[in-house]
Each structure stands twice: as structure tokens, then as C-alpha cells.
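Structural features, examined
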There are 2 protein chains.
Amino acid sequence: MHEDDEAAWLAAYDPRAYAPIALTVDVVVLTLRQGRLSILLVERGGPPFQGRWALPGGFVKAGEEGLDEAAARELAEETGLAPTALERVHLEQLGSYGAPDRDPRMHVVSVAYLAFAPDLPDPRAGGDAARAVWVPVAGPHGGGTGDRELPAPLAERELAFDHARIVADALERARGKLEYTPLATAFLRPEFTIPELRAVYEEIWGERLHPGNFHRKVLSVPGFVEDTGATAERGNSRGGPRARLYRAGPATLLHPALLRP
Amino acid sequence: MHEDDEAAWLAAYDPRAYAPIALTVDVVVLTLRQGRLSILLVERGGPPFQGRWALPGGFVKAGEEGLDEAAARELAEETGLAPTALERVHLEQLGSYGAPDRDPRMHVVSVAYLAFAPDLPDPRAGGDAARAVWVPVAGPHGGGTGDRELPAPLAERELAFDHARIVADALERARGKLEYTPLATAFLRPEFTIPELRAVYEEIWGERLHPGNFHRKVLSVPGFVEDTGATAERGNSRGGPRARLYRAGPATLLHPALLRP
DNA sequence: TGAATAGTGTCTCTCAGACATTATACT
DNA sequence: AGTATAATGTCTGAGAGACACTATTCA
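Per an unreviewed UniProt entry, chain A goes by the name NUDIX hydrolase and belongs to Streptacidiphilus fuscans.

Following this line, the structure appears as C-alpha cells:
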């Protein structure tokens, strides 16, 4: 048995087979700040891509943590959140990116994660990150014709590595997730109104939704939201009655789904 | 610049940060053999889990190949298929599995892939695999009441590592993929009949589908299938007219989707 | 000849979207 | 007071599922 183990060990340690690959996790953290979908970016403090913006992330601690743990740790470090606050954050694996030349130093494979968070405090710079900021995702806003031409904050930054691709994949995943899961509620406080929920969908999908139909649809999906009996303290600032308050229901999948227009 | 690069290089090479992690790809290859959904398994020729069945896979060649390439290479090696035959195989990333103790030797992270293939020839044992076989996936068959209690070939084999979990995730992904993509055609020859396509859905979903409604539904989805004008040479062995032949259409997404019952 | 199937037609129910309406609350 | 909104109601068309029917082929 010792001999077998030793042989296997040596085989596994063939340096050409594994040594020159490093493994990192990168996290696409999405939140809504002042109604705008925003993503957490850090400024790289050292080469390569020094001074460029990148996703928060870092190396997986070998032998100590799994991938999900590593992503949660990076998320906590970069946002400065207490573990309790992290419980309300949805974190899921997005995919792995491993082109041999994606990092000029060496072959680095990154496992990307996607996080949905309610409005989080300003991030703190940590580790090798010079700065950390929330950047609005200039989604396809205005949908129709001549909305005023806002600058596209995210598009203006040329992200490091292949992070632009990762962000694009993450946004597409997020848009899809809203269709068949109740994860839009992860962007809101524990109690929310239907119009607030609709604003989440409108911001992430970049489409205006019909208020009446959306309202009826959400209430008709079993387990999506639960009535709290309470009512919002303030009505809409532009007038109208105070909306009822709901909390997330027990459903983990929406049946039937809310399909994009 | 040289100094900066050197510093970064050294930082990246901190042995504790990366050295003890190995990276592999594992492939869940699904095909239909005699109408049964089957998965490709290899018998491990060495420890750990010697003699147990596992997914085909291997180490990523550092600095030489990306993840998709590595998966395609492992697929070709293990099935013994020519590159031309592989063009008809659908290959996509499933997810990454990286619990620190999933391999008793060391921390090994595996990027799992999912492949859909038309009926493939018998596999060849290669590399460190003692044997390679197609194993029927004893899906939830018979659906209703007392179907005869067949042995469950896949369930009887205790797979190595966490491969049982990977296979379960792969099957769930495959079931979902049939809903909103035309990938069921990847299990068939270039020309196929609607009843053959229905058999794919029934086998993977483990549900009987209504022949008439399925037929009408498939033809109503734009770009799903194209009529070849030809007709199958033989009718069903139990009687009935000869079915028309179709080929896969240009659609990459099904609108509207074929939802599971 | 008998039986099972390919393909089409019909009906009903559900659901999404367009539109209308009433009550409420902010400015 | 004026206005925008929350919430509900109504109508219509698309689509899924159940069922029926005909024509065709194999055993």
C-alpha cells in the first residue's frame, strides 16, 4: 500500500503535468446602488495590468479551502462585510476560464463566481488592490429611442485579463437567472414592495415592464413572495398609494417563469 | 519594467499559494446506444480508487492548452474518435469541483465538461485506464407504476472521487438543455425523424410524451428542424407509415421552449 | 387482416400582454 | 387640485395538453 501510494504520489507530482498552473477565483459582485446595477471592481496595484481595473479575486488556498469557500472569503475581504451580512448574499459558480495566455506571467486558471447582494457599503481596498469601487453597469438603458447619451462607466474601463468576457457572461447569466429563480429578491432588503421588485427586473433586463401585468404575475407564481400584511411607510414620491410589503417566499424555482419580453 | 515583472513573478510563485493544486478535466460523455442513455466510464488502473469506475479525464497540459482544448483532447483519446467525427459532438463546460479532500492524494480541482454525442463506437482503454465502457444510465424509467425492476447499472457502480455528484449535475444539466436548445439533435444522425427526436427526449427526461402534440410542437418552433423532403426507408417495426426525414435547423435557442411536463 | 404508428385537426384551459378603472397619496 | 402611482379587472391571442381521426405500413 505504501508503494502504491508513493507511485501515485510521484505520478501526481510530475512537474510538467501540473506545477506551472495556478488557480484563482474571481467574483462578479452585483448590487443595486441608487437603482443602478453596479459591479465591484478593484484597481490593480502591481503588474501585470498595473493601474487597470479588474474583478476582485485571488489565489485558492491549496489544501485548505474549496472553491465556494475561496470565493466567499474573497468576497468578504473585498467588501469588508461581516459574515452575518454575507448570509444574505447569493453566491454561485459562473464558470472557469483557462486559456493558457490569459495571464502573461504563467498559466492561470480562474474559477469565476457570481454574487447578488443588497445595497452594500462602500468597499475597502485590500491586499494588492489599490482601490475598490462600485461601478455602474451601463446596461442597455432607455431601451427605446433617444435617451440622453450617458457615458458608459463600465465600458470605458478596459478591464484586465479576460475580465471583460467574464463580466459579459455574468450579466447574461444574471439576466437569465431572474427569469426562472426568485433571486431578484437578493438585491432588496428583507421586506420589499412589488414596484421595488419590478425596478430590479427593469434595471437588470434593461427593459420597461408593464406595472399591472408584472404585479399580477408575481403574485400568481406560488412561493415567489409572501404578504407581510404591512404597508410601506411612504408612497411613491411622485404620488400614488403606499405599496404593500412582501418578503421572499420559499420557492427556489419560479413556476411558471417570468420570461423576458 | 524588468524589476516589476520579476517581483510579480516571484509573488505568483509563492509555493504556498499555488504549488500544491493540480488541475484536471473530467468529461461526462452521453450518447444513446440502442435507445438507452449511456455514459462513458473508465476503470481506474491505479490508486487511488483502483478498480473503481470514474469519468474519463486527465491533467491539463500547463501552458499548452485551454480548458476546452483539454476536454476535447481527453474526449478524443478516450473514445478513439477521429477529429472529424468529433465535430458532430457537442461539448460544453459543466462546472468546477474543488473540495480540498476530493482526492486523497492532494488538492485536485477538476473542471467538468458535458458532451452529447451520436451513437459512438466502442471505446478503447487508454492511458492509465484499465477498461472503458458505455454504461446505461438507469434513468427514472417507466415513470408510472410497476415497471419491471431492472438493475440500475450506473447506480450499482460506486464511482471514484466525487464523480457521482458530477454525473448527477450533468444529467440535470442535460435535461434542462433539451428544454431550451435544439441539442437533442446532437444525439442523432444528420437526418432523423420526429419520432426519433421524441425518443431522445423521452429517454433523457424519463417521461412519455404525447406523439401528436410533440410533433406539432417541434415543427412550430422556428429553426428547430428543416424538412429534407425525403422519407425514412423503413416504417416503424410495429407498423405505421414511414416518417419524414428532417435535419437540424439553424436555431441555437428554442423559442418558445419545450418545457418538461 | 390486425395492429400500431405518422401526421393532422379540434377543443379547452392557462397564461401573457394590452388596456381600462378605481382608490390613494405626494407635490 | 392635479397628477402619478398601486392594485385590480377585462379582453384577446398564443400556446400546451387531451382527444379524435385518417392514412399508411409491418407482422
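Text resumes after the structure shown.
1. Points about the overall build of chain A
A count of helical and extended segments in chain A gives eight helices and ten strands. Taking the contacts inside chain A whose residues are at least 6 apart along the sequence as the reference set, 66% of them involve residues at least 24 apart.

2. A few points about the environment of A:His215
When you line up the elements, A:His215 lands in helix H8 (residues 211–220). Linking A:His215 and A:Thr24, residues 191 residues apart in sequence, is a C-alpha distance of 42 Å.

3. Considering the protein's contact with DNA strand C
Around DNA strand C, the surrounding shell holds 27 residues, and the nearest of these are A:Gly235, B:Pro195, B:Gly212, B:Gly239 and B:Gly240. Looking at the surface near DNA strand C, the elements with two or more residues in it are H8 of chain A together with helix H7 (194–205) and helix H8 (211–220) of chain B. Of the residues that constitute the surface near DNA strand C, the class distribution is eight nonpolar, 13 polar and six charged.

4. As for the environment of B:Gly58
Within the fold, B:Gly58 resides in strand E4 (residues 57–59). In this structure, the C-alpha to C-alpha distance between B:Gly58 and B:Ala70, residues twelve residues apart in sequence, is 8.3 Å.

5. So, the protein's contact with DNA strand D
Around DNA strand D, the surrounding shell holds 28 residues, and the nearest of these are A:Pro195, A:Gly212, A:Gly239, A:Gly240 and B:Gly239. Counting only elements with at least two residues in the surface near DNA strand D, the list comes to helix H7 (194–205) and H8 of chain A together with H8 of chain B. Among the elements that line the surface near DNA strand D, the one with the most residues is H8(A), at four residues. Residue composition of the surface near DNA strand D, grouped by class: nine nonpolar, 13 polar and six charged.

6. Remarks on the domain arrangement of chain A
Residue and element names in this part refer to chain A. In terms of domains, chain A is made up of domain 1 (2–163) and domain 2 (180–248). Taken residue by residue, the interface counts twelve residues in domain 1 and twelve residues in domain 2. Among the secondary structure elements, those contributing two or more residues to the side of domain 1 that touches domain 2 are strand E1 (21–33) and strand E2 (36–44). Classifying every residue of the side of domain 1 that touches domain 2 by side-chain character gives five nonpolar, six polar and one charged.

7. Here's the deal with helix H3 (residues 67–79) of chain A
Across its 13 residues, H3(A) extends 18 Å between first and last C-alpha, which sits within 8% of the 18 Å expected from 1.5 Å per residue. Phi for A:Gly80, located one or two positions after H3(A), is positive at around 70 degrees.

8. What to know about the sheet that holds strand E9 (residues 225–231) of chain B
All names here are of chain B. Strand order in the open sheet formed by three strands is E8-E10-E9, and the pairing between neighbours is antiparallel. Sheet topology places strand E8 (191–192) and E9 at the edges, where each strand pairs with a single neighbour. Two strands pair when backbone bridges link them, and E8 and strand E10 (residues 244–248) are joined in this way by two bridges, in the antiparallel orientation. Looking at E10, one finds that Glu191 is bridged to Arg247.

9. Overview of the sheet that holds strand E8 (residues 191–192) of chain A
Residue and element names in this part refer to chain A. Pairing within the open sheet is antiparallel, and its three strands lie in the order E8-E10-E9. Among the strands making up the open sheet, the edge pair consists of E8 and strand E9 (225–231). Summarising the sheet, E9 and strand E10 (residues 244–248) pair through four bridges and their orientation is antiparallel. Looking at E10, one finds that Glu226 is bridged to Arg247.

10. A look at the environment of A:Leu159
Residues and elements named next belong to chain A. Locating Leu159 in the fold gives a position in the loop between helix H5 (153–156) and helix H6 (163–180). Residue classification places Leu159 among the partly exposed positions, given that 18 C-beta atoms sit within 10 Å. Residues Leu159 and Glu226, 67 residues apart in the sequence, show an inter-C-alpha distance of 40 Å. Once residues within four sequence positions are removed from consideration, Leu159 is found in contact with Arg52, Trp53, Ala54, Ala164 and Val167.

11. Focus on unusual backbone geometry
Geometrically, the link from A:Pro47 to A:Pro48 is a cis peptide bond, its omega value of -5 degrees lying close to zero. The residue A:Pro48 is located in the loop between E2 and strand E3 (53–54) in this model. In this structure, B:Pro256 follows B:His255 across a cis peptide bond, with omega equal to -5 degrees. Within the fold, B:Pro256 resides in the segment after E10. A positive phi angle is found at A:Phe161, which is not glycine, with a value near 50 degrees.

12. As for the nonpolar core
Counting residues in each nonpolar core, the largest one holds 122 residues, and the members touching the most others are A:Val28, A:Ala115, B:Val28 and B:Ala115. The residues contacting B:Val28, other than those within four sequence positions of it, are B:Ile39, B:Leu55, B:Leu94, B:Ala112, B:Tyr113, B:Leu114, B:Ala115, B:Ile166, B:Val167 and B:Ala170.

13. Things to note about the packing of H6(A) against H7(A)
To describe two helices that pack against each other, one gives the angle between their axes and the distance between the axes. Residue and element names in this part refer to chain A. Direction vectors running N to C along H6 and H7 enclose 145 degrees, while the axes themselves pass 10 Å from each other. Helix-helix and strand crossings are classified by hand; for H6 and H7 the assignment is left-handed. Touching Ala174, Arg175 and Leu178 of H6 are Tyr201, Ile204 and Trp205, all from H7. Residues that form the contact of H6 with H7 fall into these classes: five nonpolar, no polar and one charged.

14. Quick word on the packing of H7(A) against H8(A)
Residues and elements named next belong to chain A. At their nearest, the axes of H7 and H8 sit 10 Å apart, and the two run at 105 degrees to each other. Judged on the interaxial angle alone, H8 and H7 are roughly perpendicular. Contact with H7, carried on its side by Ile194, Leu197 and Arg198, involves Pro211, Phe214, His215 and Val218 of H8 and no other residues of that element. Partitioning the contact of H7 with H8 into residue classes produces five nonpolar, one polar and one charged.

15. So, the confidence of the model for chain A
Residues and elements named next belong to chain A. Per-residue pLDDT for chain A averages 87, and the proportion of residues at 70 or more is 85%. Low pLDDT, under 50, characterises residues 1–18; the stretch is placed with 15 contacts to residues that sit more than four places away or in other chains. Counting contacts from residues 140–152, a segment whose pLDDT is below 50, to residues more than four positions away or on other chains yields ten contacts.

Rules used throughout
Residues numbered from 1 in each chain as written. Chains lettered and ligands numbered in written order. Predicted model: local features only at pLDDT ≥ 70, side-chain atom pairs only at ≥ 80, totals over all residues. Helix = DSSP H or I, 4+ residues; strand = E, 2+ residues; numbered from the N terminus. Contact = placed C-beta atoms within 7 Å. Near = placed C-beta within 6 Å. Nonpolar A, V, L, I, M, F, W, Y, C, P; charged D, E, K, R; others polar. Domains from an automatic or database assignment. Expected span 1.5 Å × (residues − 1). Pairing = 2+ DSSP bridges. Buried ≥ 20, exposed ≤ 12 C-beta atoms within 10 Å, placed from the backbone. Core = buried A, V, L, I, M, F, W, Y, C linked by C-beta atoms within 7 Å. Axes fitted to C-alpha atoms, helices over the stretch in contact; angles between N-to-C directions. Left-handed = near helix turned anticlockwise from the far one by under 90°. Parallel < 35°, antiparallel > 145°, perpendicular 65-115°, else oblique. pLDDT = per-residue confidence, 0-100.

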